[in-house]
Amino acid sequence: MIDLSYRPRLADLRTLSPQSLGLLPFEREGVRTSDAVAFQGRAGYDADFLPGFAVPLPDTGAIAVDVLPVTGSDGDRLDYEHFSILMSKSRRLALFTAVNIDGSASVSVPRGGDPWAFDGRIPEEAQAGDELYADNDFDRGHLVRREDPNWGPTAGVANRDTFHFTNCAPQLSVFNQRSWLSLEDYILGNTRRVGERATVFTGPVFRPNDPVYRGVAIPLAYWKVVAFIHDDGRPSASAYLIDHDVDLGAQSLLFGAFKTYQRSILAIEGLTNLDFGSLRQFDGFSNEEKATGDVVRVLVTEAEDIRL
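Values in this document were obtained by computation on a predicted structure and should not be read as measured data. (Residues numbered from 1 in each chain as written. Predicted model: local features only at pLDDT ≥ 70, side-chain atom pairs only at ≥ 80, totals over all residues. Heavy atoms only, no water.)

K.L.:
Tell me about the overall build of the protein chain, and please be specific about residues and values.
P.N.:
If you tally the helices and strands in the protein chain, you get 4 helices and 16 strands. Buried residues in the protein chain amount to 51% of all 308 residues. Summarising the internal contacts of the protein chain: among those between residues at least 6 apart in sequence, 70% fall at separations of at least 24. On the protein chain, roughly 15400 Å² of surface is accessible, and the fraction owed to carbon and sulfur atoms is 50%. (Helix = DSSP H or I, 4+ residues; strand = E, 2+ residues; numbered from the N terminus. Buried < 20%, exposed > 50% of the residue type's maximum accessible area, 1.4 Å probe, protein only. Contact = heavy atoms within 4.5 Å. Areas by Shrake-Rupley, 256 points an atom, 1.4 Å probe, with all protein chains shown as cover.)

What follows is the structure in structure tokens.
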């Protein structure tokens, strides 16, 4: 019988006994750390991946003091399967990621059972872990998209490699699931490329006034630089900036409209102090700005807005 006359008071209520992992509080002990030796044999990012079009990693000379040292690494790179990461010492997040994509050899790797992990090659305190993401609206936003390095016979290894805290940054869920993930779909899904190959650099914009949350300064903007060869032989390089506003002082996170712009590589260099070298020569936006002195910026709302 159901007693519809029952009117509970606070003293009548019982504490919940959690029966699912989804209701359990975050426990630091449950987070895995990948052993440093497990990464042996990872070639990482390949600057010569695009045939005849060398695309080296951006130079970090201007911000060398903030590059986290990696023992035994050439250039302080953290090499994973088909991608590499350089970490920021001061921000505990990636300075940038660099991935090689081979769409012609893409392998669909089902998502599920992929726990995030610390990278054992660098100290855990140099990485922003689950303490930053628990009980709020932040996603562990992949910087290298999970699908991008999943090609060839080692696709499964690449998939698991993307689930390291070195490869994520705090992004509001609506930002991560819409604007951020759709941008590469726009670019790569609407171009014809030699061998379906592309190289993508991704990173946050670090600003001195970024709001601090749980001891981590939260980036409010992210950038991408994409390089490939058109099927007519033209090298292409283009840059994009996504900005969002967050109120971290509120009880719950408030967010404004996300805007995606195609920008020049020169503009990204100005925001990040990275140096993309000769890559900017293949970017029409950068060449236009150098020739005219005017800033070129295009709001991207659909694939047809992007100019390559």
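Read on for the rest.
K.L.:
A description of the packing of aromatic side chains should follow, citing residues and the corresponding values.
P.N.:
This structure, assessed with the given rule, holds 10 aromatic pairs. Here tyrosine 80 and phenylalanine 83 contribute two aromatic rings whose centre-to-centre distance is 4.9 Å and whose plane-to-plane angle is 15 degrees, an arrangement assigned as stacked. The interplanar angle of 90 degrees and the centroid separation of 5.8 Å between the aromatic rings of tryptophan 223 and phenylalanine 276 together place this pair among those described as edge-to-face. Linking tryptophan 223 in strand S11 (residues 221-229) with phenylalanine 276 in the loop between helix H3 (265-272) and helix H4 (284-292), this pair joins segments that are 53 residues apart in sequence. Residue classification places phenylalanine 276 among the buried residues on the basis of a relative accessible area of 5%. A network of ring pairs unites the aromatic residues Tyr45, Phe201, Trp223 and Phe276 as a single cluster. The ring of phenylalanine 39 carries the charged tip of arginine 121 above its face, separated from the ring centre by 3.8 Å. The ring of phenylalanine 49 carries the charged tip of arginine 197 above its face, separated from the ring centre by 4.1 Å. (Phe/Tyr/Trp six-rings, centres within 6.5 Å; stacked < 30°, edge-to-face > 60°. Lys NZ or Arg CZ within 6 Å of the ring centre and 35° of its normal.)

K.L.:
Describe in detail the side chain of serine 88, supporting the description with residues and values.
P.N.:
Within the fold, serine 88 resides in the loop between strand S3 (83-87) and strand S4 (94-102). Among the polar contacts made by the side chain of serine 88, one reaches the main-chain amide nitrogen of arginine 91 at a distance of 3.0 Å. Setting aside residues up to four positions removed in sequence, serine 88 forms contacts with Asp66, Leu93, Ala94, Leu95 and Phe206. (Polar contact = N/O pair within 3.5 Å; in protein donor to acceptor, adjacent residues only side chain to side chain.)

K.L.:
How would you summarise the sheet that holds strand S12 (residues 235-243) if you had to cite specific residues and measurements?
P.N.:
Spatially, S2-S3-S4-S8-S11-S12-S15-S16 is the arrangement adopted by the 8 strands of the open sheet, whose pairing is antiparallel. Strands at the two margins of the open sheet, each flanked by one partner only, are strand S2 (78-80) and strand S16 (298-299). Together, strand S8 (197-204), S11, S12 and strand S15 (259-263) form the strand contacts of H3, whose direction differs from that of S12 by roughly 50 degrees. (Pairing = 2+ DSSP bridges. Axes fitted to C-alpha atoms, helices over the stretch in contact; angles between N-to-C directions.)

K.L.:
I'd like a description of the confidence of the model for the protein chain, backed by residues and values.
P.N.:
Model confidence for the protein chain is summarised by a mean pLDDT of 82, while 79% of its residues fall at 70 or above. Element-level mean pLDDT values for the protein chain span from 40 in strand S14 (residues 254-255) up to 97 in S3. Between residues 246-256, whose pLDDT stays under 50, and residues either more than four places distant or in other chains, the model counts 20 contacts. (pLDDT = per-residue confidence, 0-100.)

K.L.:
Pulling in residues and values, what's your account of the pairing of S3?
P.N.:
Side-chain direction in a regular strand flips from residue to residue, so the side chains alternate between the two faces of the sheet. Most of S3 is tucked away: 5 of the 5 residues are buried. Burial of the side chains of S3 extends over both faces: Phe83, Ile85 and Met87 are buried on one face and Ser84 and Leu86 on the other. Connecting S2 to the next strand, S3, in antiparallel fashion are 2 residues, including histidine 82 with a positive phi near 75 degrees. In this structure, S3 lies alongside S4, joined through 5 bridges in antiparallel fashion. Residue methionine 87 lies in a different strand from S4, and its bridge partner there is alanine 94. Counting the residues that bridge the hairpin from S3 to S4 gives 6 residues, and of these arginine 92 lies at a positive phi of roughly 65 degrees.

K.L.:
Give a detailed account of the side chain of histidine 164, specifying residues and quantitative values.
P.N.:
For histidine 164, the position within the fold is in the loop between helix H1 (155-161) and strand S7 (168-172). In this structure histidine 164 comes out as buried when scored by relative accessible area, which is 2%. Those residues in contact with histidine 164 that sit more than four places away from it in its chain are Ser34, Phe39, Tyr80, Trp116, Ala117, Phe118 and Asp119.

K.L.:
Tell me about the nonpolar core, residues and numbers included.
P.N.:
Ranked by size, the top nonpolar core spans 28 residues in total, and within it Leu78, Ile85, Met87, Ile187 and Val226 carry the most contacts. Every element with two or more residues in this core is listed here: S2, S3, S4, helix H2 (173-189), S8, S11 and S12. Residues within four places of valine 226 in sequence aside, it is in contact with Ile187, Leu188, Thr199, Val200, Ser236, Ala237, Ser238 and Tyr240. Judged by nonpolar contacts, the second largest core, of 27 residues, contains Phe53, Leu95, Val225 and Ala239. (Core = buried A, V, L, I, M, F, W, Y, C linked by side-chain atoms within 4.5 Å.)

K.L.:
Describe the pairing of S8, with residues and values.
P.N.:
For S8, the tally of buried residues reaches 7 of 8 residues, placing the bulk of the element in the interior. One ladder, built from 6 bridges, connects S8 with S11; its direction is antiparallel. Directly across from threonine 199, in S11, lies its bridge partner alanine 227.

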